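Observations on the three-dimensional arrangement
Letter by letter, the chains look like this.
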Amino acid sequence: NKGNYEHYMQKEIHEQPESLTTTMRGRLIRGGSCKAKSVLLGGLKDHLKTIRRSRRIVFIGCGTSYNAALAARPILEELSGMPVTMEVASDLLDRQGPIYREDTTVFVSQSGETADTLQALHYARENGALCVGITNTVSSAIARNTHCGVHINAGCEIGVASTKAYTSQIVVMAMLSLVIGGDTISNQARREAIIDGLFDLPNKVREVLKLDQEMKDLAKLLIAEQSLLMFGRGYNYATALEGALKVKEVALMHSEGILAGEMKHGPLALVDENLPIVVIATNDACFSKQQSVIQQLRARKGRLIVMCSKGEASLVSPGGSSRVIEVPLVEDCLQPVVNIVPLQLLAYHLTVLRGYNVDQPRNLAKSVTTQ
Ligand code: UD1
Ligand code: BG6
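Residues numbered from 1 in each chain as written. Chains lettered and ligands numbered in written order. Predicted model: local features only at pLDDT ≥ 70, side-chain atom pairs only at ≥ 80, totals over all residues. Heavy atoms only, no water.

This part is about the overall build of the protein. When helices and strands are tallied, the protein shows 14 helices and twelve strands. Taken over C-alpha atoms, the radius of gyration comes to 20 Å for the protein, in line with the 21 Å a tight globule of 371 residues would show. In terms of principal-axis extent, the alpha carbons of the protein reach across some 55 × 50 × 45 Å. Out of the 371 residues in the protein, the part that is buried amounts to 56%. Taking the intrachain contacts of the protein between residues at least 6 apart in sequence as the baseline, contacts between residues at least 24 apart amount to 75%. Looking at charge distribution, the protein has the averaged site of its 40 positive side-chain charges lying 3 Å from that of its 37 negative ones. (Helix = DSSP H or I, 4+ residues; strand = E, 2+ residues; numbered from the N terminus. Rg over C-alpha atoms; globule rule 2.2 N^0.38 Å. Buried < 20%, exposed > 50% of the residue type's maximum accessible area, 1.4 Å probe, protein only. Contact = heavy atoms within 4.5 Å. Lys, Arg positive; Asp, Glu negative; His and termini not counted. Charge placed at Lys NZ, Arg CZ, Asp CG, Glu CD.)

Quick look at the site of ligand 2 now. In the vicinity of ligand 2, 13 residues are found, and the nearest of them are Ser-65, Ser-109, Gln-110, Ser-111 and Thr-114. Between ligand 2 and the protein, one listed contact pairs an oxygen atom with a side-chain N or O atom of Ser-109 at 2.6 Å. With respect to ligand 2, the backbone of Gln-110 contributes an N or O atom lying 2.7 Å from an oxygen atom. Within the complex, the protein chains bury 90% of what would otherwise be the 390 Å² of accessible surface of ligand 2. At three residues, helix H4 (residues 63–80) tops the list of elements feeding residues into the shell around ligand 2. Partitioned by chemical class, the residues of the shell around ligand 2 number four nonpolar, eight polar and one charged. (Near = heavy atom within 4 Å. Polar contact = N/O pair within 3.5 Å; in protein donor to acceptor, adjacent residues only side chain to side chain. Areas by Shrake-Rupley, 256 points an atom, 1.4 Å probe, with all protein chains shown as cover. Nonpolar A, V, L, I, M, F, W, Y, C, P; charged D, E, K, R; others polar.)

For Glu-15, the position within the fold is in the loop between helix H1 (8–14) and helix H2 (16–24). Exposure remark for Glu-15: the relative accessible area of 17% places this residue in the buried category. C-alpha of Glu-15 to C-alpha of Thr-163: the two residues are 148 residues apart in sequence and 9.9 Å apart in space.

For the pair helix H11 (residues 237–251) and helix H14 (residues 335–354), interaxial distance at closest approach is 9 Å and the crossing angle is 15°. Viewed along their axes, H11 and H14 adopt a mutual orientation that is roughly parallel. Helix-helix and strand crossings are classified by hand; for H11 and H14 the assignment is right-handed. Side by side, H11 and H14 meet where Thr-239, Glu-242, Gly-243, Lys-246, Val-247, Val-250 and Ala-251 of the first sit next to Pro-336, Asn-339, Ile-340, Leu-343, Ala-347, Leu-350, Thr-351 and Arg-354 of the second. (Axes fitted to C-alpha atoms, helices over the stretch in contact; angles between N-to-C directions. Parallel < 35°, antiparallel > 145°, perpendicular 65-115°, else oblique. Left-handed = near helix turned anticlockwise from the far one by under 90°.)

As a further point, take the sheet that holds strand S6 (residues 130–135). A sheet is described by the order of its strands in space; here five strands give the open sequence S4-S3-S5-S6-S7, paired in parallel fashion. Edge positions in the sheet fall to strand S4 (84–88) and strand S7 (148–151), since each has one partner strand and no second. Within this sheet the neighbouring strands show an average axis-to-axis angle of 20°, counted without direction. Pairing geometry for strand S3 (residues 56–61) and S4, over five bridges, is parallel. Within S4, the position partnered with Phe-59 by the bridge is Met-86. Where H4 meets the sheet, its contacts fall on S3, S4 and strand S5 (103–109), and the angle it forms with S4 comes to roughly 175°. In the packing of helix H6 (residues 115–126) onto the sheet, contacts are made with S3, S5 and S6, and the angle to S5 comes to roughly 165°. (Pairing = 2+ DSSP bridges.)

The subject of this paragraph is the site of ligand 1. Within the structure, ligand 1 sits among Arg-27, Gly-42, Gly-43, Gly-133, Ile-134, Thr-135, Ala-143, Thr-146, Cys-148, Gly-149, Val-150 and His-151. Within the backbone of Ala-143, one N or O atom sits 3.3 Å away from a nitrogen atom of ligand 1. With respect to ligand 1, the backbone of Gly-149 contributes an N or O atom lying 3.0 Å from an oxygen atom. In isolation ligand 1 exposes 730 Å². Once the protein is present, 50% of that is buried. Elements with a contribution of two residues or more to the shell around ligand 1: S6 and S7. A total of four residues in the shell around ligand 1 trace back to one element, the largest contributor, which is S7. For the shell around ligand 1, the class distribution of residues is four nonpolar, seven polar and one charged.

This is the structure:
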């Protein structure tokens, strides 16, 4: 049921404040006078010791689910102090890459049925690794075959392009980082700030959804373009990859997410006054580096659309030289949840304006169950 919406993708984008609330329900503990704020993931509590004792954590997924894991990697590394590596499921299988008994493997999948991810799960089990699932579908093959896991509880997602599952996956993996990180005194303030940020996140997403009309206006400007680049780094490298994936899969426009730190190693050659480039430059530890990327792109007359934190337009677009998208500032590791929303809206409006099928893009399936 699409309710008042024209398309499922549109409905699923707009229901993210609610889906995120459901994802966190019963899992965040407010704390009190003598009790610290904390996170409870019922599906993991009996396995935390094994996870903490493992040698590394390996995230495995495809498409949007892979991007969600990439968004969560920095906070998991920071809070756990463990090495965290990334695997595209098909590539792990192609290489028969090394997976050991001492590894914790984490399988991220909305449907829980993706063939490559499921195959990689069988492979990791055969190699003796602990297998953890992050899935949206109870009783799916991946949920059943993992040793333990967390349901993201985002509700049924119908649009082929994943939107609300992406943001719920990131939130679950941020919560996962908090529980694996444990309750060491040294990062207590950081942990509490993230938990406060999680409580407030649905409100911030509600706020960023107000950019809908602005994104529609931007889509009108980009409707006839051949290509759109997205530059991100740090927590928002994943945002650049996921924003570009949305644009290419539904709007059928070439789009590429680029790690801004790699700009000089190739992408800079593409920059001219015609090619539109989205630069994600919200305020975090990478901000000054991103400001310098903006300067260098501008020096080559790049046609920039800059995403920045509210009130900071003048820091990224001196004299109003570029179009800006201002988004609310949240805790750095949760910023990808906010930042993807305008890009989901942009991809949605671009698709509708270009006259393509937004819920069922040509050649794509919601769940890829063959290899
Ligand atoms: C569970 C209940 C929830 C109830 C809550 C109350 C289910 C599905 N969930 O939620 O209805 O409100 O207790 O305490 O009954 N699992 C995997 N692989 C996965 C995902 C999950 O093995 O990919 C396992 C978990 O380890 C766990 C079970 O499935 O044993 C349920 O996981 P989850 O729904 O995340 O647990 P709770 O949040 O505790
Ligand atoms: C397909 C979907 O390609 O599979 C994507 O169209 C999705 O939206 C990808 O990200 C992975 O699916 P899942 O269910 O394993 O998360």
